[in-house]
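What follows is each chain in one-letter form.
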Amino acid sequence: MSNIVKMMGLLVLFGLLILIRAFENELFYDPYLTFFKNDYLYIDNPRREVFKLTLFTALRYFLNSLFSLGIIFIFFNDSSVVKFSTFIYVVAFLLLLPVFLYFVINPKQEDYYIFFNIRRFLIQPLLLLLLLPAFYYHKLKKN
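Residues numbered from 1 in each chain as written. Predicted model: local features only at pLDDT ≥ 70, side-chain atom pairs only at ≥ 80, totals over all residues. Heavy atoms only, no water.

1. Remarks on the side chain of Ser68
Right, so step 1: Structurally, Ser68 can be placed in helix H4 (residues 50-76).
Right, so step 2: One polar contact links the side chain of Ser68 to the main-chain carbonyl oxygen of Asn64, over a distance of 2.7 Å.
Right, so step 3: In contact with Ser68, not counting residues within four places along its chain, are Leu17, Tyr89, Pro125 and Leu128. (Helix = DSSP H or I, 4+ residues; strand = E, 2+ residues; numbered from the N terminus. Polar contact = N/O pair within 3.5 Å; in protein donor to acceptor, adjacent residues only side chain to side chain. Contact = heavy atoms within 4.5 Å.)

Listed below in structure tokens is the structure:
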């Protein structure tokens, strides 16, 4: 892949991640978006449809993961890195989603902070921020 094609691909993929974030209110059902923007420690948990919230959270995680895996592929051009990253994304989803659902179904004010952070890993591409430097460091050490 030439450098121009790589740069264009990265620009498109990062742009898609930004668009997901910019249009999150329009694209995804998530009553917690406004809840956590307010003074959530002093207000009641919002009304929510658990099934719908779970579907939209999973969709957002899938889209962020897909674009993040594309970014990782362009950066490293190594299918083994992409396969391992896919494994990490699947395991993270399988571990985080039940915890997320527990906090959605059993809301307690003292758990809001941990719930906020679990939710953040599901709706934002934070794993990309962890995996890119880790694989880059691994690549440097390998060479």
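2. Topic: the environment of Phe51
Right, so step 1: Tracing the backbone through its elements, the reader meets Phe51 in helix H4.
Right, so step 2: Residue Phe51 is classed as exposed on the basis of its relative accessible area, which comes to 62%.
Right, so step 3: Along the backbone, Phe51 and Leu101 are 50 residues apart, and their C-alpha atoms lie at a distance of 9.7 Å. (Buried < 20%, exposed > 50% of the residue type's maximum accessible area, 1.4 Å probe, protein only.)

3. Thoughts on a nonpolar patch on the surface
Right, so step 1: Together, Phe84, Phe87, Val91 and Leu95 give the surface a local cluster of nonpolar side chains, amounting to about 390 Å² of exposed area.
Right, so step 2: Take Val91: it is sitting in helix H5 (residues 79-105).
Right, so step 3: Look at Val91 and you get partly exposed, because its relative accessible area is 31%. (Patch = residues over 30% accessible without salt bridge, like charges linked within 9 Å, V, L, I, M, F, W, Y side chains within 5 Å. Areas by Shrake-Rupley, 256 points an atom, 1.4 Å probe, with all protein chains shown as cover. Salt bridge = Lys/Arg side-chain N within 4 Å of Asp/Glu carboxyl O.)

4. As for the packing of aromatic side chains
Right, so step 1: For the structure on display, the rule yields eight aromatic pairs.
Right, so step 2: Seen in terms of ring centroids, Phe75 and Phe76 are 6.2 Å apart; in terms of plane orientation they differ by 40°. Their pairing is tilted.
Right, so step 3: When its relative accessible area of 40% is taken as the criterion, Phe75 is described as partly exposed.
Right, so step 4: For Phe76, a relative accessible area of 12% gives the class buried.
Right, so step 5: Centre to centre, the rings of Phe103 and Phe115 are 6.0 Å apart; their planes meet at 50°, and the pair counts as tilted. Of this pair, Phe103 sits in helix H5 while Phe115 sits in helix H6 (residues 112-123), and the two are 12 residues apart along the sequence. Each member of the pair, Phe103 together with Phe115, is buried.
Right, so step 6: One aromatic cluster is present, built from ring pairs that chain together Phe75, Phe76, Phe84 and Phe135.
Right, so step 7: A cation over a ring is seen here: Lys52 above Tyr29, with NZ or CZ 4.7 Å from the ring centre. (Phe/Tyr/Trp six-rings, centres within 6.5 Å; stacked < 30°, edge-to-face > 60°. Lys NZ or Arg CZ within 6 Å of the ring centre and 35° of its normal.)

5. Describing the pattern of salt bridges
Right, so step 1: Counting across every chain of the model gives two salt bridges.
Right, so step 2: The residue Arg21 makes a salt bridge to Glu24 at a minimum N-O spacing of 4.0 Å.
Right, so step 3: Across the pair Glu24 and Arg60 runs a salt bridge whose closest N-O atoms are separated by 2.7 Å. In this pair, Glu24 is assigned in helix H2 (residues 24-27) and Arg60 in helix H4, connecting sequence segments 36 residues apart.
Right, so step 4: One continuous salt-bridge network, built from bridges that share partners, spans Arg21, Glu24 and Arg60.

6. Brief notes about the packing of H4 against H6
Right, so step 1: Contact pair H4 / H6: the axes reach a minimum separation of 7 Å and the direction vectors enclose 50°. In this view, H4 runs oblique relative to H6, as classed from their interaxial angle. Note on element contacts: H6 touches H4 through Phe121, Leu122 and Ile123, opposite Thr57, Arg60, Tyr61 and Asn64.
Right, so step 2: Tallied by class, residues from the contact of H4 with H6 come to four nonpolar, two polar and one charged. (Axes fitted to C-alpha atoms, helices over the stretch in contact; angles between N-to-C directions. Parallel < 35°, antiparallel > 145°, perpendicular 65-115°, else oblique. Nonpolar A, V, L, I, M, F, W, Y, C, P; charged D, E, K, R; others polar.)

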